[in-house]
Amino acid sequence: MKYNRTFNFSAGPAMMPEPVLEEIKEEVLNYRGSGMSVMEMSHRSKVFQQIRDEAEADLRKLMGIPDNYKVLFVQGGGTLQFAMVPMNLMKNGVACYVETGSWSKKAIAEAKKYGEVKIVASSKDENFSYIPDCSDLDIPDDADYVYICENETINGTTFNKLPNTKGKVLVSDQSSMFLSRPCNVEDYGLIWAGVQKNVGPAGMAVVIIREDLIREDLDPKTPVYMSYKTHADADSLYNTPNCWAIYCCGKVFKYLLNLGGLEKVQEMNEDKAKVLYDFLDSSKLFKGSVRKEDRSLMNVPFVTGDADKDADVVKASTEAGFNNLKGHKSVGGLRASIYNAMPKEGVEALVEFLKDYEAKNA
Ligand SMILES: *Cc1c(COP(=O)(O)O)cnc(C)c1O
């Protein structure tokens, strides 16, 4: 690689496409003749307004977002959305959550502060290694929404079929799978994603919300920043936004459009993940920790079954120039996050390394 960059398997912040970083590098001191960096620019300037508008337009094109949905750029990362969702969407004060791992547990804990949370399905019994059946959930009539974490970053599971919400609004945390495959936005009331997993730099979430879910009658103590209406009415420029993140994400949206859109991105991701999963399925030493049909294309946890050996592989992988392969402590073992920007060569090099390790340690 031209810049002697490492294959970074971090779960987030994670790799960004190298051509995008190149473009940013070109523009960092003087953005297109404006005489200044995007980091130094007024968010009220014409030149920034164009950056913002283009980012939104490109995202709309990429995902096919219908006109009756708003696109919001909100600070506070993913974690703030755990609170914003119940604060804004709990009208009756009842919500259904599917519990599939670490991130849905955090969302549940936060939502409980604002109302009644009903856990309608869970995979806790097998350490969140699968997606529970969500075809016939017991959803109360007064439920305001059904919430899922569509890709559990730590546990490595993905919903390949959305829950049957029985007519209720579906809310999805897509942080670690955002833009990894086509998405039919109309299936959801609200989609949100922290951008530092699969898109850009940390410090922002993209929220895609159906207009009729944007309310005015929130608890009057709701901080102004925490109301979706605030951001929707001001085109995400109510206060100073994370201009830098909007700019970088906009570049990634355009990059993905130029690649051929989300069908193409999915094809590349499937092709790339297959290299690793095929190896894990044939290995005698390593094995994937997730049920096959629920495997994530983005986050791949795997183990040897022996914690000391796992630690030794992590150490050897670091020495071999791979980064951030240590699994999360709640799952153990190793985890390779292979988001959109991870080149296939990175996965192939990792598999070569693991094969070699296995041969030497048989
Ligand atoms: C990382 C992550 C979050 C939290 O994001 P922060 O920006 O660190 O608050 C939430 N949900 C999922 C699925 C994640 O992967």
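As a reminder, the structure under discussion sits directly above these lines.
An account of the accompanying structure is given in this report. Note that the structure is predicted; figures quoted are calculated from it, not measured. (Residues numbered from 1 in each chain as written. Predicted model: local features only at pLDDT ≥ 70, side-chain atom pairs only at ≥ 80, totals over all residues. Heavy atoms only, no water.)

Overview of the packing of aromatic side chains
In this description, an aromatic ring pair is defined by two values, namely the gap between the centres and the angle between the planes. Summed over all chains, the structure comprises 12 aromatic pairs. Ring geometry for tryptophan 244 and tyrosine 247: centres 5.2 Å apart, planes at 45 degrees, overall tilted. Of this pair, tryptophan 244 and tyrosine 247 both sit in helix H6 (residues 243-259), 3 residues apart, which is roughly one turn of the helix. Residue tryptophan 244 is classed as partly exposed on the basis of its relative accessible area, which comes to 23%. Taking 6.4 Å as the distance between ring centres and 45 degrees as the angle between the ring planes, the aromatic pair formed by phenylalanine 353 and tyrosine 357 counts as tilted. (Phe/Tyr/Trp six-rings, centres within 6.5 Å; stacked < 30°, edge-to-face > 60°. Helix = DSSP H or I, 4+ residues; strand = E, 2+ residues; numbered from the N terminus. Buried < 20%, exposed > 50% of the residue type's maximum accessible area, 1.4 Å probe, protein only.)

A look at the environment of threonine 79
Structurally, threonine 79 can be placed in helix H3 (residues 79-89). When the C-alpha positions of threonine 79 and alanine 107 are compared, they lie 8.1 Å apart, and in sequence the two are 28 residues distant.

Brief notes about the environment of valine 206
Within the fold, valine 206 resides in strand E10 (residues 205-210). Look at valine 206 and you get buried, because its relative accessible area is 1%. Residues valine 206 and serine 37, 169 residues apart in the sequence, show an inter-C-alpha distance of 23 Å. Among residues more than four places away in sequence, those in contact with valine 206 are Leu59, Val71, Leu72, Phe73, Phe178, Ile191, Trp192, Ala193 and Val195. (Contact = heavy atoms within 4.5 Å.)

Notes on the pattern of salt bridges
Between side chains of opposite charge, a pair can form when the charged atoms approach closely. Following the criterion strictly, the structure yields 26 salt bridges and no others. Lysine 344 serves as the salt-bridge partner of aspartate 271, at 3.2 Å between the closest nitrogen and oxygen. Residue aspartate 271 is located in helix H7 (residues 262-282), and its partner lysine 344 is located in helix H9 (residues 344-360); the two are separated by 73 residues in the primary sequence. The exposure class assigned to lysine 344 is partly exposed, which follows from its relative accessible area of 30%. Residue aspartate 281 pairs with arginine 295 through a salt bridge whose shortest N-O separation is 2.8 Å. In this pair, aspartate 281 is assigned in helix H7 and arginine 295 in the loop between strand E11 (287-288) and strand E12 (299-303), connecting sequence segments 14 residues apart. (Salt bridge = Lys/Arg side-chain N within 4 Å of Asp/Glu carboxyl O.)

A short note on the packing of helix H2 (residues 46-63) against H6
Between H2 and H6, the shortest axis-to-axis distance is 8 Å and the interhelical angle comes to 40 degrees. Here H2 lies oblique to H6, going by the angle between them. H2 and H6 meet at a crossing whose hand is left-handed. When H2 is examined against H6, the residues Phe48, Ile51, Arg52, Glu54, Ala55, Asp58, Leu59, Lys61 and Leu62 are found in contact with a partner set consisting of Cys243, Ile246, Tyr247, Gly250, Phe253, Lys254, Leu256 and Leu257. Here the contact of H2 with H6 is built from residues that sort into 11 nonpolar, 1 polar and 5 charged. (Axes fitted to C-alpha atoms, helices over the stretch in contact; angles between N-to-C directions. Parallel < 35°, antiparallel > 145°, perpendicular 65-115°, else oblique. Left-handed = near helix turned anticlockwise from the far one by under 90°. Nonpolar A, V, L, I, M, F, W, Y, C, P; charged D, E, K, R; others polar.)

Thoughts on the sheet that holds E11
Overall, antiparallel pairing links the 3 strands, which are arranged E11-E12-E14 in an open sheet. One side of each edge strand has no neighbouring strand; the edge strands of this open sheet are E11 and strand E14 (334-337). Pairing of E12 with E14 involves 4 bridges; the strand directions are antiparallel. What sits directly across from valine 300, in E14, is alanine 336. (Pairing = 2+ DSSP bridges.)

Side note on the packing of H7 against H9
Where H7 contacts H9, the axes come no closer than 9 Å and their chain directions differ by 5 degrees. Classified by the angle their axes make, H7 and H9 are roughly parallel. Touching Asp271, Lys272, Val275, Leu276 and Phe279 of H7 are Lys344, Val347, Glu348, Leu350, Val351, Leu354, Lys355 and Glu358, all from H9. Looking at the contact of H7 with H9, its residues break down into 7 nonpolar, no polar and 6 charged.

Any functional reading would require information that these geometric values do not contain.
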